[in-house]
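Listed here are the chains, written in short residue letters.
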Amino acid sequence: MFVIDLMSRVPVYEQIINQVEEKILIGVLRAGDKMPSVRSLSIELSINPNTIQKAYTELDRKQLIITVPGKGAFVSDKASEVILTASRDKLTELTNMVRQMRFAGIDKEEIIDIVNKVYSGIEI
């Protein structure tokens, strides 16, 4: 379910969080779906259980999952909405980045080409 790149500069727990968010957005994980247990995911990925717990704690804090004692963790009913709201908040960040690129002399067409590739699913 998850693929961890141990050579990445992104911490393992953040890789898990990012992959959960992506799986929620594309519909692989849906509201009410049970998440793998910390122990089983730890064994499957050969990762320290504390790292998995750290990711789950952050996902719970972000309201993407709900932890039910004795039952496990489940995808929240409002997970998609939370991710979309957070993504929309990043538009200001994107605007500032585009402004910096314009000042640096990067052509608008180059930026638009990258956006088109991303929306087409083409790896850059």
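This structure is a prediction, so every number in the text was calculated from the model and none was measured. Each chain has its residues counted from 1, following the order in which its sequence is written. Only residues with pLDDT of 70 or above have their local features reported here, since the model is predicted, and side-chain atom pairs are shown and tallied only from 80 upward, although totals for entire chains, interfaces and linings are computed over all residues. Here the side-chain values reflect all heavy atoms present in the structure, with hydrogen atoms and water set aside.

Colleague: Please clarify how the pattern of salt bridges should be interpreted in this entry.
Modeller: Close approach of charged atoms allows side chains with opposite charge to pair. Salt bridges are counted wherever a side-chain nitrogen of Lys or Arg sits within 4 Å of a carboxyl oxygen of Asp or Glu. Under the counting rule described, the total for this entry stands at three salt bridges. The partner of Lys 62 in a salt bridge is Glu 21, with the nearest N and O atoms 2.8 Å apart. Of this pair, Lys 62 sits in the loop between helix H3 (49–61) and strand S1 (65–68) while Glu 21 sits in helix H1 (residues 12–25), and the two are 41 residues apart along the sequence. Burial classification: accessible surface area is computed with a 1.4 Å probe over protein chains only, and a residue below 20% of its type maximum counts as buried, one above 50% as exposed, and the rest as partly exposed. For Lys 62, a relative accessible area of 28% puts it in the partly exposed group. Strands here mean DSSP runs of E at least two residues long; helices mean DSSP runs of H or I at least four residues long; both are numbered from the N terminus.

Colleague: Explain H3 here, please?
Modeller: In an α-helix, one full turn covers 3.6 residues, which means residues spaced three or four apart are oriented alike. For H3, built from 13 residues, the straight-helix expectation of 18 Å at 1.5 Å per residue is met to within 8% by its first-to-last C-alpha distance of 18 Å. Where H3 is concerned, the buried positions are Ile 52, Ala 55, Tyr 56 and Leu 59. Burial along H3 is one-sided: seen end-on, the buried residues are contained in an arc of 95 degrees. In this structure, H3 carries Asn 50 and Arg 61 as exposed residues pointing more than 90 degrees from its buried face. Expected helix span is computed as 1.5 Å times (number of residues minus one). Regarding the arc, it is the one traced by the directions from the helix axis to the C-beta atoms.

Colleague: Mind showing me how you'd approach the packing of helix H4 (residues 79–89) against helix H5 (residues 91–104) here?
Modeller: Packed helices, taken two at a time, are described by the angle between their axes plus the distance between the axes. Geometry is summarised by axes, namely lines fitted to C-alpha atoms with helices restricted to the contacting stretch, and by angles between N-to-C directions that run from 0 to 180 degrees. Running from amino to carboxyl end, H4 crosses H5 at an angle of 30 degrees, the nearest separation of the two axes being 4 Å. Regarding the angle of H4 to H5, the classification is roughly parallel. The residues of H5 that touch H4, namely those facing Ser 87, Arg 88 and Asp 89, are Leu 91, Thr 92 and Glu 93. Note on angle classes: values under 35 degrees are labelled roughly parallel, values over 145 roughly antiparallel, values of 65 to 115 roughly perpendicular, and the remainder oblique. The contact definition used throughout considers only heavy atoms, calling two residues in contact when any of these lie within 4.5 Å.

Colleague: I tried to follow H5 on my own but got confused; where do I start?
Modeller: The first and last C-alpha atoms of H5 sit 20 Å apart over 14 residues, in line with the 20 Å expected at 1.5 Å per residue. Gly 105 occupies a position one or two residues after H5 and carries a positive phi of about 95 degrees.

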